[in-house]
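Summary of structural features
Single-letter residue listing:
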Amino acid sequence: MTYRAEYIWIDGSEPTKFLRSKTNVLPTGAEIPIWGFDGSSTNQAPGSESDCVLQPVMTVPDPIRGGDNVLVLCEVLLTDMSPHATNTRRACAEATEHYSHLEPWLGIEQEYTLYKDGRPLGWPPGGYPAPQGGYYCGIGDDEVFGRDLVEAHTTACIEAGLAISGTNAEVMMGQWEFQIGPLDPVTCADQVWLARWLLYRIGEDFGISATLDPKPIQGDWNGAGAHANFSTAQMREDYDAVIAAAEALGKNHDYHIENYGAGIERRLTGLHETAPWTEYNYGVSDRGASVRIPWQVEKERRGYLEDRRPNANCDPYLVTRLITETVCGAASP
Ligand code: ADP
Ligand code: MN
Ligand code: MN
Ligand code: MN
């Protein structure tokens with residue numbers, strides 16, 4: 001008897017890394033072994049030294065195949081077992097460990113756009129749908145496109161044991177969001193990558209592709225972000241710590257912008273519920289700010305903040321690590 005382990009890893013595509021996976025058929029009862037792949041086909045190695053190593057870091061039930069089959073998220077290593085240059089997870093795991101005494105939590109809102117026939121799902125050929133207004137959290141056959149796929153994806157995330165905490169239709173027709181968390185920084189990022197893989201995989205069955213392009217359609221159409229909600233144990237008790245975190249993020253703005261996803265200047269224009277990428281500000285309830293403090297957090301004098309800057313196509317390992325290091329680094333004695 002056998003079972004199948006789908007090994008999933010992050011490639012070296014530029015400027016935005018993408019997911020890859022392949023199947024290992026294993027004897028029933030066998031442990032998940034280290035494996036390898038051809039790095040010269042993923043922009044991760046020259047052909048003369050093409051072997052890269054897959055180090056399993058998280059195994060979950062495979063909701064696509066069911067049974068004993070599993071999905072295996074991996075880190076990419078060199079053959080000397082050191083992290084590959086494209087491996088951003090290792091540093092994220094180290095930061096998570098380093099600041100674990102402050103109990104950082106991340107919740108990511110992953111926005112994405114569904115595509116079919118080269119245009120966003122539901123859009124008319126060669127033209128535009130009615131202007132934005134009714135699509136966000138909409139209902140009805142003329143407003144909402146792709147719900148069957150979204151439901152199948154949510155079910156798959158739950159069956160895989162991921163901490164998916166909600167979904168909604170977004171402001172642009174054909175755009176959606178799912179939320180993962182709150183979880184510790186590296187686990188949140190692991191689960192966002194796995195949830196992205198499930199989204200693409202389930203899209204195959206529906207003949208619909210998902211893109212994380214931060215601004216799929218120019219003009220008066222919302223872009224796609226990955227708002228990152230963050231708290232420490234102290235912030236969850238004390239509003240002054242929430243303000244201190246918002247101030248700390250402002251001191252490191254440029255570094256965060258550089259690492260929040262390719263094409264961020266196309267999305268953070270100052271329009272469409274964004275702050276311009278060249279400036280930093282924060283505010284209560286303000287969806288035009290870089291960082292928003294939810295109104296309940298101000299009212300209850302404790303909670304979390306929302307970093308609205310990350311692009312949909314960000315690397316969540318970079319985003320969760322940077323927020324943790326910037327806020328916890330400033331908070332540490
Ligand atoms: P929005 O109003 O911005 O659309 P959502 O409901 O989509 O907000 O997302 C809120 C996110 O905040 C969720 O991912 C949730 O897990 C996360 N979250 C809630 N409480 C905390 C907390 N204390 N620390 C970090 N993240 C949190
Ligand atoms: Mn949201
Ligand atoms: Mn959203
Ligand atoms: Mn949000």
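Values in this document were obtained by computation on a predicted structure and should not be read as measured data. (Residues numbered from 1 in each chain as written. Chains lettered and ligands numbered in written order. Predicted model: local features only at pLDDT ≥ 70, side-chain atom pairs only at ≥ 80, totals over all residues. Heavy atoms only, no water.)

With that settled, the discussion passes to the site of ligand 1. Of all residues adjacent to ligand 1, which total 16 residues, the nearest are Glu177, Ser231, Arg287, Arg292 and Glu306. Glu177 has a polar side-chain atom sitting 3.0 Å from an oxygen atom of ligand 1. Contact distances for ligand 1 include 3.1 Å between an oxygen atom and a side-chain N or O atom of Gln179. Comparing atom positions with the cavity grids shows ligand 1 to sit within the largest pocket. If you list the elements that add at least two residues to the shell around ligand 1, you get strand S6 (105-116), strand S9 (175-183) and strand S11 (226-231). Examining the composition of the shell around ligand 1, we find that 4 residues originate from one element, S9, more than from any other. Tallied by class, residues from the shell around ligand 1 come to 4 nonpolar, 6 polar and 6 charged. (Near = heavy atom within 4 Å. Polar contact = N/O pair within 3.5 Å; in protein donor to acceptor, adjacent residues only side chain to side chain. 1 Å grid on protein atoms, 1.4 Å probe; cavity = no way out; pocket = protein on both sides within 12 Å on 5 of 7 lines; lining within 4 Å. Sits in = over half its atoms within 2 Å of the grid points. Helix = DSSP H or I, 4+ residues; strand = E, 2+ residues; numbered from the N terminus. Nonpolar A, V, L, I, M, F, W, Y, C, P; charged D, E, K, R; others polar.)

Coordination sphere of the manganese ion (ligand 2), protein contribution only: Glu109 (OE) and Glu177 (OE), at 2.2 to 2.3 Å. The metal-metal distance between the manganese ion (ligand 2) and the manganese ion (ligand 3) is 3.8 Å, with Glu177 coordinating both. In this pair, Glu109 is assigned in strand S6 and Glu177 in strand S9, connecting sequence segments 68 residues apart. Judged by its relative accessible area of 4%, Glu177 falls in the buried class. (Donors = N, O, S within 2.8 Å, 3.2 Å for Na, K, Ca; no water. Buried < 20%, exposed > 50% of the residue type's maximum accessible area, 1.4 Å probe, protein only.)

With that settled, consider the coordination of the manganese ion (ligand 4). At 2.0 to 2.6 Å from the manganese ion (ligand 4) lie its protein donor atoms, namely Glu109 (OE), Glu109 (OE), His227 (ND1) and Glu306 (OE). Read from N- to C-terminus, the donor residues coordinating the manganese ion (ligand 4) fall into the pattern E-x117-H-x78-E. Taken as a pair, the manganese ion (ligand 4) and the manganese ion (ligand 2) show a spacing of 3.8 Å, with Glu109 coordinating each metal. Taken as a pair, Glu109 in strand S6 and Glu306 in strand S14 (residues 305-307) lie far apart in primary sequence, 197 residues in all.

With that settled, consider the packing of helix H1 (residues 89-98) against helix H8 (residues 316-331). Taken N-terminus to C-terminus, the directions of H1 and H8 make an angle of 30°; their axes are 9 Å apart at the nearest point. With respect to their mutual orientation, H1 and H8 come out roughly parallel. In the packing of H1 onto H8, the handedness of the crossing is left-handed. Contacts between H1 and H8 involve Arg89, Ala91, Cys92 and Ala95 on the former and, on the latter, Tyr317, Thr320, Arg321, Thr324 and Glu325. When its residues are assigned to classes, the contact of H1 with H8 shows 4 nonpolar, 2 polar and 3 charged. (Axes fitted to C-alpha atoms, helices over the stretch in contact; angles between N-to-C directions. Parallel < 35°, antiparallel > 145°, perpendicular 65-115°, else oblique. Left-handed = near helix turned anticlockwise from the far one by under 90°. Contact = heavy atoms within 4.5 Å.)

Estimates place the volume of the largest pocket at around 620 Å³. Taken together, 32 residues form the lining of the largest pocket, with Glu109, His227, Arg287, Arg292 and Glu306 sitting closest to its centre. Residue assignment for the lining of the largest pocket shows that the elements contributing at least two residues are S6, S9 and S11. Sort the elements by how many residues they give to the lining of the largest pocket and S6 lands first, with 5 residues. When grouped by side-chain class, the residues that make up the lining of the largest pocket number 8 nonpolar, 13 polar and 11 charged. Put simply, the second largest pocket is a space of about 210 Å³. (Points joined across faces, edges and corners; volume = space filled by probe spheres on them.)

Counting residues in hydrophobic clusters, the biggest one holds 68 residues, and the most contacted among them are Tyr112, Leu305 and Ile323. Both domains that furnish three or more residues to this core are identified here as domain 1 (2-87) and domain 2 (95-331). Leaving out residues up to four positions away in the same chain, Leu305 has contacts with Ala228, Asn229, Phe230, Met235, Val242, Ala245, Ala246, Leu249, Val291, Arg292, Ile293 and Pro294. (Core = buried A, V, L, I, M, F, W, Y, C linked by side-chain atoms within 4.5 Å. Domains from an automatic or database assignment.)

Now for the packing of aromatic side chains. If you walk through the whole model with that rule in mind, you get 8 aromatic pairs. Seen in terms of ring centroids, Trp123 and Trp221 are 4.7 Å apart; in terms of plane orientation they differ by 55°. Their pairing is tilted. Note that Trp123 is positioned in the loop between strand S7 (119-120) and helix H2 (147-159) and Trp221 in the loop between strand S10 (209-211) and S11, a separation of 98 residues in sequence. Here Trp123 falls in the buried class, since its relative accessible area comes to 5%. Lying across the ring of Trp35, Lys22 places its NZ or CZ 4.0 Å from the centre. The aromatic ring of Trp193 is capped on one face by Arg196, whose charged end is 4.7 Å from the ring centroid. (Phe/Tyr/Trp six-rings, centres within 6.5 Å; stacked < 30°, edge-to-face > 60°. Lys NZ or Arg CZ within 6 Å of the ring centre and 35° of its normal.)

One open sheet accounts for 5 strands, arranged S2-S1-S5-S4-S3; its pairing is mixed. Edge positions in the open sheet fall to strand S2 (19-27) and strand S3 (35-38), since each of these has one partner strand only. Each neighbouring strand pair of the sheet contributes to a mean axis angle of 40°, computed without reference to strand direction. (Pairing = 2+ DSSP bridges.)

Partitioning the chain into structural domains gives domain 1 (2-87) and domain 2 (95-331). Relative placement of domain 1 and domain 2: their C-alpha centres are 26 Å apart. Taken together, the contact pairs 16 residues of domain 1 with 18 residues of domain 2. Of the roughly 1,600 Å² buried between domain 1 and domain 2 on both sides combined, carbon and sulfur atoms contribute 79%. As a salt-bridge pair, Asp315 and Lys17 come within 3.2 Å of each other at their nearest N and O atoms. One can count 2 residue pairs in polar contact (both at pLDDT 80 or more) joining domain 1 with domain 2. (Buried area = accessible area lost by both parts, 1.4 Å probe. Salt bridge = Lys/Arg side-chain N within 4 Å of Asp/Glu carboxyl O.)

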